[in-house]
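# Summary of structural features
Each chain is listed here by its residues.
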Amino acid sequence: MNLHILLIEDNEQNRYLLSFLLQSRGHTVTQAIDGPGGLKQAMATTPDVILLDIQLPTMHGYDVASALRKVDALAATPIIAVTSYAMPGDREKALAAGCDGYIEKPIDPDTFAQDIERLASVRPGRGAPA
Ligand code: MN
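A brief report on the enclosed structure follows. (Residues numbered from 1 in each chain as written. Predicted model: local features only at pLDDT ≥ 70, side-chain atom pairs only at ≥ 80, totals over all residues. Heavy atoms only, no water.)

### Let's talk about the pattern of salt bridges
Charged atoms that come close allow side chains of opposite charge to pair. Here the structure, examined in full by the defined rule, presents six salt bridges. Salt-bridge contacts for Asp100 lead to Arg69; the nearest nitrogen and oxygen are separated by 2.7 Å. Taken together, the residues span a long stretch of sequence, with Asp100 in the loop between helix 4 (90–96) and strand 5 (101–104) and Arg69 in helix 3 (residues 61–69) at a distance of 31 residues. Across the pair, exposure class does not vary: Asp100 and Arg69 are buried alike. For the salt bridge of Asp115 with Arg118, the shortest nitrogen-to-oxygen distance reads 3.7 Å. Of this pair, Asp115 and Arg118 both sit in helix 5 (residues 112–122), three residues apart, which is roughly one turn of that helix. Salt bridges linked by common partners bring Glu9, Asp53 and Lys105 together as one network. (Salt bridge = Lys/Arg side-chain N within 4 Å of Asp/Glu carboxyl O. Helix = DSSP H or I, 4+ residues; strand = E, 2+ residues; numbered from the N terminus. Buried < 20%, exposed > 50% of the residue type's maximum accessible area, 1.4 Å probe, protein only.)

The structure is reproduced here in structure tokens:
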């Protein structure tokens, strides 16, 4: 499986780590550092999967997810929230905003790429458990 993955993440160390882990499994990673940049990249490249940080500058991750869902070409693209938000209800908010799955930081480097592959391949659909 070789996936084209768009990673929207403002933290440079996280971008480096997640990209490294995904590329090590043979995937292609495109990066964006904020919501507007992520939307632009998503429309330009129609990735197989979008990984979305929730705490982003200028545009909140939930708003980015909602905006991505409004793009016809991305309507069925799995969006996976990758976030350190761990308050009760955050997972539900991410799913309600259009995300298909939710992974909490800190991520587990041993399983992260495989978790993404699993979430991408099952494409659970909006609101379904991931
Ligand atoms: Mn962030």
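### Here's the deal with the coordination of the manganese ion
For the manganese ion, the protein coordination sphere consists of Asp10 (OD), Asp53 (OD) and Gln55 (O), at 2.0 to 2.2 Å. One chain supplies every donor to the manganese ion, and in sequence these donors are spaced D-x42-D-x1-Q. On the basis of relative accessible area, Gln55 is assigned to the partly exposed category, the value being 43%. (Donors = N, O, S within 2.8 Å, 3.2 Å for Na, K, Ca; no water.)

### Some details on the nonpolar core
Formed by 22 residues in total, the largest nonpolar core has its most connected members in Ile8, Ile50, Leu52, Val64, Leu68 and Cys99. At the level of elements, strand 1 (4–8), helix 2 (35–45), strand 3 (49–52), helix 3 and strand 4 (79–83) are the ones that each hand at least two residues to this core. Here this core takes four residues from helix 3, the largest share from any one element. When sequence neighbours within four positions are dropped, the list of residues in contact with Leu52 reads Ile8, Gly61, Val64, Ala65, Ile79, Ile80, Ala81, Val82 and Cys99. Judged by nonpolar contacts, the second largest core, of 18 residues, contains Leu3, Val29, Ile103 and Ile107. (Core = buried A, V, L, I, M, F, W, Y, C linked by side-chain atoms within 4.5 Å. Contact = heavy atoms within 4.5 Å.)

### Regarding the environment of Gly98
Take Gly98: it is sitting in the loop between helix 4 and strand 5. Residue Gly98 is classed as buried on the basis of its relative accessible area of 0%. Through-space distance from the C-alpha of Gly98 to that of Lys70 is 9.6 Å; in sequence the pair is 28 residues apart.

### Quick look at helix 1 (residues 12–24)
In a regular helix each residue adds 1.5 Å, so 13 residues correspond to 18 Å; helix 1 covers 18 Å between its end C-alpha atoms and thus fits that length. Within the span of helix 1, buried status applies to Arg15, Leu18, Ser19, Leu21 and Leu22. Taken down its axis, helix 1 places every buried residue within 165° of arc, on the same side. Exposed side chains of helix 1 directed beyond 90 degrees from the buried face belong to Glu12, Gln13, Tyr16 and Ser24. The N-terminus of helix 1 is capped by Asn11, whose side-chain oxygen sits 3.0 Å from the backbone nitrogen of Gln13. Remark: Gly26 follows helix 1 within two positions and exhibits a positive phi of approximately 90°. (Expected span 1.5 Å × (residues − 1). Arc of directions from axis to C-beta. Polar contact = N/O pair within 3.5 Å; in protein donor to acceptor, adjacent residues only side chain to side chain.)

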